[in-house]
Amino acid sequence: MAFTMLSGDVIAQIISLTTPQDACTMSSVSTNCRSIADSDQVWSNFLPPGCENLIPQISPKKSLYRYLCDHPVPIDGRNMGARDLTIAWGDDRRYWRWMATPESRFDEVARLQYVWWFHIIGRIETFMLSSGTNYAAYFVFRFDGQGDGFNWPVKSHVCIDSDELDEGRSVTLDPGGGEARAIRERADGWMEIEMGEFHNENGDDGTLVCSLREVVRPKSGLIVEGIELRPKETR
């Protein structure tokens, strides 16, 4: 049976089992395919559960997906803010201070006083994310005056069930003037750097772990807002 002879509901179901990138490709095949590939029936499957309730004024669902790529919101009510992260020595006021700031979307941020052992971990269950979607994790931060000790690489891991399973990547939060900058300044006044990416196949892989670690040099002056997960941008 030719693909075009299938009903619209069947075609929509088939497309929804692929990826957002594939759906965008199907949209360019024909006028008939475009109406199906761009439908809410398809794009609802690419959105995290409950996100329509957080931003109900944006429609259709494809537009909501694209909005979330550039304007991430807490997933399923779970803020990936500093209080939701595991921070080594985070409860010891000699090393970290918690404070409210009007510039943050979250109730509190964490300010680093002074540590050698820098280790931050964020965790989220993959079933809370859209299946068949490529995600990237971003560390959101800034410095209080002059940060110290972050002009050296920090080891970053984004993987399932462990923060030490793979080689990860090295990121520099405060690179010198002559170094390549992977940091992006955001419209809200914070900075972000990509920690890594992963593909959420079916949403049943377990716990996604995002971590940063450096334990060799003394560090201070960092303010942590949180870790964001958002789909890799689709064009």
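Conventions used here
Residues numbered from 1 in each chain as written. Predicted model: local features only at pLDDT ≥ 70, side-chain atom pairs only at ≥ 80, totals over all residues. Heavy atoms only, no water. Pairing = 2+ DSSP bridges. Helix = DSSP H or I, 4+ residues; strand = E, 2+ residues; numbered from the N terminus. 1 Å grid on protein atoms, 1.4 Å probe; cavity = no way out; pocket = protein on both sides within 12 Å on 5 of 7 lines; lining within 4 Å. Points joined across faces, edges and corners; volume = space filled by probe spheres on them. Nonpolar A, V, L, I, M, F, W, Y, C, P; charged D, E, K, R; others polar. Buried < 20%, exposed > 50% of the residue type's maximum accessible area, 1.4 Å probe, protein only. Arc of directions from axis to C-beta. UniProt positions renumbered as here; feature names shortened; annotations may be inferred. Core = buried A, V, L, I, M, F, W, Y, C linked by side-chain atoms within 4.5 Å. Contact = heavy atoms within 4.5 Å.

## Some details on the sheet that holds strand β2 (residues 96–99)
Phase 1 of the analysis: Ordered in space as β2-β3-β11-β5-β9-β8, the six strands form an open sheet in which the pairing is antiparallel. Edge positions in the sheet fall to β2 and β8 (184–185), since each has one partner strand and no second.
Phase 2 of the analysis: As judged from the nine bridges shared by strand β5 (residues 133–148) and strand β9 (residues 191–200), these two strands associate in the antiparallel manner. Paired with F139 across the bridge in β9 is I193.

## Thoughts on the layout of surface pockets
Sizing a probe to match a water molecule and rolling it over the atoms shows the empty space that remains.
Phase 1 of the analysis: Estimates place the volume of the second largest pocket at around 160 Å³.
Phase 2 of the analysis: Residue lining of the second largest pocket: Q13, S16, L17, T18, T19, N45, S131, G132, H199, E201 and N202, and that is the complete set.
Phase 3 of the analysis: Broken down by class, the residue content of the lining of the second largest pocket amounts to one nonpolar, nine polar and one charged.

## Considering helix α2 (residues 20–27)
For an α-helix, the turn length of 3.6 residues means that residues three or four places apart are oriented alike.
Phase 1 of the analysis: Those residues of α2 lying buried are P20, A23, C24 and S27. Take α2 and look down its axis: the buried residues cluster within an arc of 100 degrees, on one side only.

## Things to note about the UniProt feature "domain: F-box" (unreviewed entry) in the protein chain
Phase 1 of the analysis: Mapped onto the present numbering, the UniProt feature "domain: F-box" (unreviewed entry) falls on residues 7–44.
Phase 2 of the analysis: Taken end to end, residues 7–44 is 74% helix and 0% strand, and its first and last C-alpha atoms sit 19 Å apart.

## Observations regarding the nonpolar core
Phase 1 of the analysis: Counting 36 residues, the largest nonpolar core has W96, F118, F139, F141, L173, L222 and V224 as the members making the most contacts within it.
Phase 2 of the analysis: When residues in this core are grouped by element, the largest group, five residues, is from β5.
Phase 3 of the analysis: Setting aside its immediate chain neighbours within four residues, V224 contacts A82, L85, W96, V109, A110, I120, F139 and V140.
Phase 4 of the analysis: Judged by nonpolar contacts, the second largest core, of 16 residues, contains I11, A12, A37 and L47.

## Observations concerning helix α6 (residues 61–70)
Phase 1 of the analysis: Among the residues making up α6, those that are buried are K61, K62, L64, Y65, L68 and C69. An end-on view of α6 places all buried positions within 160 degrees of arc, on one side of the element.

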